[in-house]
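The chain contents come next:
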Amino acid sequence: MTKILDGREEYKKILTAQATQARKIASHGFAVGFTMLSVGEDDAKLQYALANKRACANAGINAVYEVLPAEFTTEQVVKRIMELNADPTVNGIMVLAPYPKHIDGSKINSAISPEKDVDGQTPRCISDLYANRNGKDTFYPCTPYGAIKLLKRYNVDLDGKNVTIVGRSTVVGKPMAALMLNENATVTICHTHTKNLRAACKNADIIVLAAGKANLLDKSMVREGVVVIDFGSNFVDGKVVGDADYDGLLGIVGAITPVPGGCGPMTTAVMLENIIKAAKRQYKIR
């Protein structure tokens with residue numbers, strides 16, 4: 001029987017805990033503030049920002065979505081980030097990707113104060129991740145770290161396991177590899193130039209999908225009992241589906257995250273945790 005790794009239930013628990021912490025901060029006379037920046041706007045970023053705002057409102061966090069003109073230069077975006085860095089009412093900053101082609105993403109990430117980098121994208125946070133420094137003292141990227149927390153919630157042992165990650169983006173694939181290595185897993189990263197994806201998946205105890213291709217993983221590519229973590233988000237016949245053939249894998253894999261309802265809620269949950277953690281640090285509240 002396949003276990004469904006439901007991120008929604010864990011999200012509810014984390015939301016309740018963070019709302020309690022926000023009230024604690026308020027009892028000290030402070031509010032928790034979070035700003036999301038976008039250079040230009042598209043519907044995907046708008047919907048993501050609105051979903052984050054709703055989650056923040058439920059947790060007692062004041063969230064703002066600010067859209068900068070698409071024609072802004074990198075320097076103009078950096079200037080706005082610096083203003084937010086200096087604003088004591090803003091505890092967390094997130095710049096939503098993708099950026100316009102003329103924007104230098106590395107300069108954007110480097111401009112964010114590490115103390116307010118709630119998505120773990122600054123050089124210092126990335127360095128902490130790859131150096132395996134304690135996550136309590138830094139911010140790890142919300143999306144992959146949310147999946148790690150979900151696996152631990154369901155008592156999935158990572159120590160010594162063979163993990164195949166399909167996708168090498170800096171948003172999911174690469175940081176997920178680092179997090180898995182930090183948990184003492186043995187990691188294989190696959191991508192569009194991988195010669196034999198099926199063999200890499202067949203050898204895995206845990207498969208992480210972040211390729212953005214619907215039904216990429218089917219039952220011919222897995223062995224019985226494998227754990228599947230699916231970050232995919234694809235539209236097929238008007239529905240959102242992952243990178244795994246979910247229905248075809250049920251009864252074969254040991255555990256799997258649903259899409260939607262698996263990794264997505266956990267991304268939001270970690271974001272809330274990180275914003276509250278940033279606020280408590282900045283206000284010096286334990």
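All values derive from a computational prediction rather than experimental measurement.

Chemist: Help me understand the overall build of the protein, please; the structure alone is not making it clear to me.
Modeler: When you go through the protein residue by residue, the secondary structure sums to ten helices and eleven strands. The C-alpha atoms of the protein give 19 Å as radius of gyration, which agrees with the globular expectation for 286 residues (19 Å, within 12%). Projecting the C-alpha coordinates of the protein onto the three principal axes gives extents of approximately 55 × 40 × 40 Å. The long-range share in the protein, meaning contacts at least 24 apart out of those at least 6 apart in sequence, stands at 71%. The positive charge centre, built from 35 side chains, and the negative charge centre, built from 29, are 4 Å apart in the protein.

Chemist: What should I look at first to understand the nonpolar core in this one?
Modeler: In globular proteins that are soluble, nonpolar side chains generally tend to be buried together. Formed by 58 residues in total, the largest nonpolar core has its most connected members in F34, I61, M180, I206, V208, I229 and L272. Residue contributions to this core peak at eleven residues, all from helix α10 (residues 263-283). Filtering out sequence-adjacent residues up to four positions away, M180 remains in contact with I148, L151, L158, V163, A185, V187, I206 and V208. Grouped together as the second largest cluster of nonpolar side chains are 18 residues, L217, V226, L249 and I256 included.

Chemist: Teacher, can you tell me more about the side chain of T268 here?
Modeler: With respect to the element layout, T268 can be found in helix α10. Note on T268: relative accessible area 17%, which makes it buried. When sequence neighbours within four positions are dropped, the list of residues in contact with T268 reads Y11, N52 and A55.

Chemist: Explain the packing of aromatic side chains to me, please; I cannot follow it from the model alone.
Modeler: In this description, an aromatic ring pair is defined by two values, namely the gap between the centres and the angle between the planes. A full pass over the atoms with the stated rule returns two aromatic pairs. Seen from their ring centres, F30 and Y283 are 4.1 Å apart, and the 10° between their planes marks the pair as stacked. A residue pair is termed long-range when its members are at least 10 positions apart, and F30 in the loop between α1 (7-27) and β2 (32-39) and Y283 in helix α10 qualify at 253 residues. Using a relative accessible area of 14% as the deciding quantity, one classes Y283 as buried. Measuring from ring centre to ring centre gives 5.2 Å for Y140 and Y145, while their planes differ by 85°; the resulting arrangement is edge-to-face. Exposure remark for Y145: the relative accessible area of 23% places this residue in the partly exposed category. Its end group placed over the ring of Y154, R153 keeps NZ or CZ at 5.0 Å from the ring centre. It is R281 that lies over the ring of F139; its NZ or CZ is 4.9 Å from the centre.

Chemist: What should I look at first to understand the sheet that holds strand β8 (residues 227-230) in this one?
Modeler: Ordered in space as β1-β11-β8-β7-β5-β6, the six strands form an open sheet in which the pairing is parallel. In this open sheet, the two strands that pair with only one neighbour each are β1 (3-4) and β6 (186-190).

Chemist: Looking at this structure, how should I read unusual backbone geometry?
Modeler: Looking along the chain, the bond that leaves A97 and enters P98 is cis, with omega of 0°. Turning to its location among the elements, P98 is positioned in the loop between β4 (92-95) and α4 (105-111). Residues V259 and P260 are joined by a peptide bond in cis, for which omega reads -5°. On the secondary structure map, P260 appears in the loop between β11 (255-256) and α10.

Chemist: Is there a simple way to think about the side chain of D6 in this case?
Modeler: Note that D6 resides in the loop between β1 and α1. Look at D6 and you get buried, because its relative accessible area is 18%. A distance of 2.8 Å separates the side chain of D6 from the backbone nitrogen of R8, its partner in a polar contact. Not counting the four nearest positions on each side in its chain, D6 is found in contact with L150, Y154 and G261.

Chemist: How should I be thinking about the sheet that holds β4 in this particular structure?
Modeler: The pairing of strands in a sheet happens through backbone hydrogen bonds and is either parallel or antiparallel. What the three strands build is an open sheet, ordered β3-β2-β4; its pairing is parallel. The open sheet is flanked by β3 (61-68) and β4, the only strands paired with a single partner. Strand-to-strand, the axes of this sheet are offset by a mean angle of 15°, without reference to chain direction. In this sheet, β3 lies alongside β2 in parallel orientation, the contact comprising eight bridges. Counted as the bridge partner of F34 is A63 from β3. Its contacts with the sheet place α10 against β2, β3 and β4, and it is angled at close to 120° to β2.

So, how was this worked out
Residues numbered from 1 in each chain as written. Predicted model: local features only at pLDDT ≥ 70, side-chain atom pairs only at ≥ 80, totals over all residues. Heavy atoms only, no water. Helix = DSSP H or I, 4+ residues; strand = E, 2+ residues; numbered from the N terminus. Rg over C-alpha atoms; globule rule 2.2 N^0.38 Å. Contact = heavy atoms within 4.5 Å. Lys, Arg positive; Asp, Glu negative; His and termini not counted. Charge placed at Lys NZ, Arg CZ, Asp CG, Glu CD. Core = buried A, V, L, I, M, F, W, Y, C linked by side-chain atoms within 4.5 Å. Buried < 20%, exposed > 50% of the residue type's maximum accessible area, 1.4 Å probe, protein only. Phe/Tyr/Trp six-rings, centres within 6.5 Å; stacked < 30°, edge-to-face > 60°. Lys NZ or Arg CZ within 6 Å of the ring centre and 35° of its normal. Pairing = 2+ DSSP bridges. Polar contact = N/O pair within 3.5 Å; in protein donor to acceptor, adjacent residues only side chain to side chain. Axes fitted to C-alpha atoms, helices over the stretch in contact; angles between N-to-C directions.

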